[in-house]
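Each chain, written out:
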Amino acid sequence: MAPATDDDLAALAALRAEVEACTLCDLHATRTMAVPGEGDPASDLMFVGEAPGYHEDQQGRPFVGQAGKLLEQLLASIGLTREQVFIANVLKSRPPNNRDPRPEEIVACQPYLWRQIELIKPKVICTLGNHATKLLTGNPAGITRVHGRPQAMEVNGVGLYLYPIFHPAAALYTPAMLTTLKEDFLRLPELLAHEAPGDEASPPPAASTAAPPSAPNALPSAPTDAPPSAPDSPTSAPDAPPAAPGSPPAKPEQLGLF
Ligand code: URA
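Residues numbered from 1 in each chain as written. Predicted model: local features only at pLDDT ≥ 70, side-chain atom pairs only at ≥ 80, totals over all residues.

Engineer: Tell me about the site of the ligand, and name the residues and values.
Structural biologist: Residues in close proximity to the ligand include G49, E50, A51, P52, G53, E56, P62, F63, A67, N89 and A169, which together make up its full environment. Residue classes in the shell around the ligand are distributed as 6 nonpolar, 3 polar and 2 charged. (Near = placed C-beta within 6 Å. Nonpolar A, V, L, I, M, F, W, Y, C, P; charged D, E, K, R; others polar.)

Written out as structure tokens, the structure reads:
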């Protein structure tokens, strides 16, 4: 873990102020507080959730409700605290009544997340649930299909492992999902111990890199894989925004790490 430079810290603080003043989408009119994200700016591990809920909107902090408590328990299971990781969301403002993020909201907010990744330079990004996973992979494959399998990719010049897992809010109500989430979480230390993609002396067996969604407006296309019996989203509504014109072909490939 490289220490954050003074320039990076200043840039993150400026980004935070920008998010707090953001009026790029309609959510600014209904939010109480923006939720830019928080944690160790030099952490190797970053979490990306969907959007602030009620408590996050009240406090201006990510994952402070029931889902946050579960996330903290999961972190404790691998010997970490929330202060040792960086926690952010796809959307920085709460959608009214916790509805799913809209495509235009994701487009408006995406540059903030991309910039956070560029400044924090995590080795592993854990995407929590469908929205974050589809945005970061640029692929419509849902979380039920891709959870627990690391993908090597590059975001804004940062080589990293993307590690999709179920959203804690979904796991709170589905015991089988909670079991899987705990199992996937326990594999994080092994992934964190690995060299970052691009830094390895030799690539891991069967490793390959995914085409990154590097264009700021790259969006996943419509979902194709949600099985009726296992919803992919913490909320059950169909959720993937339509593909943005000019999206790069998304071909995430799995690593043979686990
Ligand atoms: N769910 C999310 O996706 N993000 C939060 O910050 C809280 C709950």
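That was the structure; now back to the text.
Engineer: Account for unusual backbone geometry, with residues named and values stated.
Structural biologist: You will see that N97, though not glycine, has its phi angle at about 55°, which is positive. Mapped onto the fold, N97 is located in the loop between β3 (86-89) and α5 (103-120). The backbone phi angle of K121 is positive, close to 50°, even though this residue is not glycine. Here K121 lies in the loop between α5 and β4 (124-128). Classification of K121 by C-beta neighbours within 10 Å gives buried; the count is 22. (Helix = DSSP H or I, 4+ residues; strand = E, 2+ residues; numbered from the N terminus. Buried ≥ 20, exposed ≤ 12 C-beta atoms within 10 Å, placed from the backbone.)

Engineer: Tell me what's going on with the confidence of the model for the protein, and back it up with residues and numbers.
Structural biologist: Taken over all residues, the pLDDT of the protein has a mean of 84, while the share at 70 or more is 78%. In the predicted structure, residues 204-212 sits below a pLDDT of 50 and forms 29 contacts with residues beyond four places in sequence or in another chain. Confidence over residues 214-253 falls short of pLDDT 50; this stretch has 93 contacts with residues more than four positions distant or in other chains. (pLDDT = per-residue confidence, 0-100. Contact = placed C-beta atoms within 7 Å.)

Engineer: Before we move on, could you go through the pairing of strand β2 (residues 45-49) and cite the residues and values that matter?
Structural biologist: Of all 5 residues making up β2, 5 are buried, and the element is well covered by its neighbours. The two faces of β2 match: L45, F47 and G49 on one face and M46 and V48 on the other face are all buried. Where β2 meets β4, 4 bridges bridge the pair, whose relative direction is parallel. For M46, the partnering residue across the bridge sits in β4 and is I125. (Pairing = 2+ DSSP bridges.)

Engineer: Got a sec to walk through the packing of helix α1 (residues 6-20) against α5? Specific residues and values, please.
Structural biologist: Remark: α1 packs on α5, axes separated minimally by 10 Å, with the N-to-C direction vectors making an angle of 165°. In terms of orientation, α1 and α5 fall into the roughly antiparallel class. For the pair α1 and α5, the sense of crossing is left-handed. Across the interface between the two elements, D8, A11, L12, L15 and V19 of α1 pack against Y112, R115, Q116 and L119 of α5. Residues that form the contact of α1 with α5 fall into these classes: 6 nonpolar, 1 polar and 2 charged. (Axes fitted to C-alpha atoms, helices over the stretch in contact; angles between N-to-C directions. Parallel < 35°, antiparallel > 145°, perpendicular 65-115°, else oblique. Left-handed = near helix turned anticlockwise from the far one by under 90°.)

Engineer: Could you give an account of the sheet that holds β3, naming the residues involved and the relevant values?
Structural biologist: If you trace the 6 strands from one edge of the open sheet to the other, you get β1-β3-β2-β4-β6-β5, paired in mixed fashion. Two strands in the sheet have a free side with no partner beyond their single neighbour: β1 (38-39) and β5 (151-155). Lying over the sheet, α5 contacts β2, β3, β4, β5 and β6 (158-165), oriented at roughly 165° with respect to β3. Its contacts with the sheet put helix α6 (residues 130-137) on β2, β4, β5 and β6, and the angle it makes with β4 is roughly 135°.

Engineer: How would you explain α5 if you had to name every residue and give the values?
Structural biologist: The α-helix advances 3.6 residues per turn, and as a result positions three or four apart in sequence lie on the same side. Spanning 18 residues, α5 covers 25 Å between terminal C-alpha atoms, matching the ideal 26 Å at 1.5 Å per step. Remark: the principal bend of α5, roughly 40°, maps to C109, with a proline, P111, within the next four residues. Among the residues of α5, E105, I106, A108, C109, Q110, Y112, L113, W114, Q116, I117, L119 and I120 are the ones counted as buried. Backbone geometry just downstream of α5 places K121 in the positive-phi region, at approximately 50°. (Expected span 1.5 Å × (residues − 1). Bend = angle between axes of the 7 residues up to and from the residue.)

Engineer: Tell me about the nonpolar core, and please be specific about residues and values.
Structural biologist: Formed by 56 residues in total, the largest nonpolar core has its most connected members in M46, V48, V90 and I125. Sorting elements by how many residues they give to this core places α5 first, with 9 residues. Apart from the residues within four sequence positions on either side, V90 is in contact with V48, E50, A51, P101, I106, C109, L113, H131, A132 and L135. (Core = buried A, V, L, I, M, F, W, Y, C linked by C-beta atoms within 7 Å.)

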